[in-house]
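Residue-level listing of the chains:
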Amino acid sequence: MRQIFLIGIGAGDPQHLTLQAIEAMQAVDVFFFLDKREETHDLIAARQALFQRHARPDAQAMVLNDPPRAQSPNYHQDVQHWHEQRAERLEEALMTSLSESGVGALLVWGEPSIYDSAMRLMRQIEARGQCAIQTQVIPGISSIQALAAAFAEPLNRIGEPIHITTGRALKAGFPADLDAVVVMLDGECSFTHVMQPEMEIFWGAYLGTPDQLLIQGPVMQVADEIITTRQQARARHGWIMDTYLLRRPLRLKA
Ligand SMILES: C[S@@+](CC[C@H](N)C(=O)[O-])C[C@H]1O[C@@H](n2cnc3c(N)ncnc32)[C@H](O)[C@@H]1O
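Residues numbered from 1 in each chain as written. Predicted model: local features only at pLDDT ≥ 70, side-chain atom pairs only at ≥ 80, totals over all residues. Heavy atoms only, no water.

Moving on, we get to helix α5 (residues 143-151). Those residues of α5 that sit buried are Ser143, Ile144, Ala146, Leu147, Ala148 and Phe151. Those residues of α5 hidden inside the fold are in contact with β6 (163-166), β7 (180-184), β8 (200-205), β9 (213-218) and β10 (242-247). Between the side-chain oxygen of the N-cap and the backbone nitrogen of Ile144 there are 3.0 Å, and the N-cap of α5 in question is Ser142. Looking at the residues trailing α5, positive phi occurs at Ala152, about 50°. (Buried < 20%, exposed > 50% of the residue type's maximum accessible area, 1.4 Å probe, protein only. Helix = DSSP H or I, 4+ residues; strand = E, 2+ residues; numbered from the N terminus. Contact = heavy atoms within 4.5 Å. Polar contact = N/O pair within 3.5 Å; in protein donor to acceptor, adjacent residues only side chain to side chain.)

Applying the stated criterion across every chain, the model contains 5 aromatic pairs. Here Phe191 and Tyr244 contribute two aromatic rings whose centre-to-centre distance is 5.3 Å and whose plane-to-plane angle is 85°, an arrangement assigned as edge-to-face. Here Tyr244 lies in strand β10 and Phe191 lies in the loop between β7 and β8, a separation of 53 residues in the sequence. Grouping residues by exposure puts Phe191 and Tyr244 together as buried. Among the aromatic residues, those joined into a cluster by ring pairs are Phe31, Phe33 and Phe51. A cation over an aromatic ring shows up here: Arg86 above the ring of Trp82, its NZ or CZ 4.4 Å from the ring centre. One residue, Arg168, lies across the ring of Tyr75, its end atom 3.8 Å from the ring centre. (Phe/Tyr/Trp six-rings, centres within 6.5 Å; stacked < 30°, edge-to-face > 60°. Lys NZ or Arg CZ within 6 Å of the ring centre and 35° of its normal.)

This brings us to the packing of helix α1 (residues 19-26) against helix α2 (residues 41-54). Running from N to C, α1 and α2 cross one another at 70°; their axes reach a closest spacing of 10 Å. Accordingly, the angle class assigned to the pair α1 and α2 is roughly perpendicular. Contacts from Ile22, Met25 and Gln26 of α1 reach α2 at Leu50, Phe51 and His54. In terms of residue class, the contact of α1 with α2 is built from 4 nonpolar, 2 polar and no charged. (Axes fitted to C-alpha atoms, helices over the stretch in contact; angles between N-to-C directions. Parallel < 35°, antiparallel > 145°, perpendicular 65-115°, else oblique. Nonpolar A, V, L, I, M, F, W, Y, C, P; charged D, E, K, R; others polar.)

Time to look at the packing of helix α3 (residues 75-97) against helix α4 (residues 118-128). Between α3 and α4, the least distance of the axes is 9 Å, while the angle of their chain directions is 70°. Here α3 is positioned roughly perpendicular relative to α4, judged by the angle of their axes. Crossing of α3 against α4: the hand is right-handed. For the pair α3 and α4, contact is made by His83, Glu84, Arg86, Ala87, Glu88, Leu90, Glu91 and Leu94 and by Arg120, Leu121, Met122, Gln124, Ile125 and Arg128, respectively. Looking at the contact of α3 with α4 residue by residue, the classes come out as 6 nonpolar, 2 polar and 6 charged. (Left-handed = near helix turned anticlockwise from the far one by under 90°.)

Across the 5 residues of β7, 5 count as buried, placing the element largely inside the fold. Pairing between β6 and β7: 4 bridges, direction parallel. Residue pairing in the sheet places Thr166 in a bridge with Met184 of β7. Examined bridge by bridge, β7 and β10 share 4 bridges and lie antiparallel to one another. Looking at β10, one finds that Val182 is bridged to Leu245. (Pairing = 2+ DSSP bridges.)

Neighbouring the ligand are 16 residues, the closest being Ala11, Ile114, Ser143, Asp242 and Thr243. The separation between a nitrogen atom of the ligand and a polar main-chain atom of Tyr206 is 3.5 Å. Bound to the protein, the ligand loses 90% of the 560 Å² it would expose on its own. The residue makeup of the shell around the ligand, split by class, is 9 nonpolar, 5 polar and 2 charged. The two domains that each donate at least three residues to the shell around the ligand are domain 1 (2-138) and domain 2 (143-247). (Near = heavy atom within 4 Å. Areas by Shrake-Rupley, 256 points an atom, 1.4 Å probe, with all protein chains shown as cover. Domains from an automatic or database assignment.)

Turning next to the domain arrangement of the protein. Accessible area lost upon the coming together of the parts serves often as the stated size of an interface. Splitting the protein by domain gives domain 1 (2-138) and domain 2 (143-247). Counting from both sides, the interface comprises 10 residues of domain 1 and, opposite them, 16 residues of domain 2. Regarding the contact of domain 1 and domain 2, the summed buried area is about 1100 Å², with carbon and sulfur atoms giving 67% of it. Across the contact surface, domain 1 and domain 2 share 0 salt bridges. Here domain 1 is connected to domain 2 by 2 residue pairs in polar contact (both at pLDDT 80 or more). Classifying every residue of the side of domain 1 that touches domain 2 by side-chain character gives 6 nonpolar, 1 polar and 3 charged. (Buried area = accessible area lost by both parts, 1.4 Å probe. Salt bridge = Lys/Arg side-chain N within 4 Å of Asp/Glu carboxyl O.)

Given below as structure tokens:
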């Protein structure tokens, strides 16, 4: 049976690769790189640099072009269809490029369990029943942890829950029963939909890389600076990934 490692590689800092990840990389015969979009070539290059540094000299690298995602009004249906096509493409690559007893790997950005489809992709391949695989996940350092570390700021205050959401979900409003949210996958500065007096933001882009950007302060005061910085950085690099913690001031409970 083919063995597949999903290896969390951290969110940009090559030093965030764990010892477990390095050991797993040494066991891999073929690394599969999913080329997700034109503008993320820097991210592929980051994975390839890890491959050069930690893979065995005889290990192979195979780049698969990701199928394009439709942009219809039905987001969930589009994503489901996209994942099915992606599973077919990877399944074919596994069957043609990896021997039945071989070890393959996907290098997964950040932590594989957070907003990443690699585990679902493997389940889909397993469910299709064409290619027997055994999947093992190696955890990685998420951009969320990189954000907290960069600001030396805990994600929760004492006894508070931690809520992780997307820009799309935040647009509907700041959850009424929460005081802190971590926001990812936000292409549209959705914090501008929830600006309230005294709400603080800790915003980080390109976390863990030499281009890291950090802005912190009351969201009503720093929103314009984040929007401008974000636009300029995106134009410079051709892509941007940012994550932020938004929180209300501490409410002292009786
Ligand atoms: C598809 S999700 C992948 C998350 C990843 N699994 C993780 O654990 O960080 C992509 C989102 O992660 C966040 N992200 C990933 N890397 C980042 C980085 N280096 N700096 C800031 N945000 C990052 C951004 O919110 C981006 O839109």
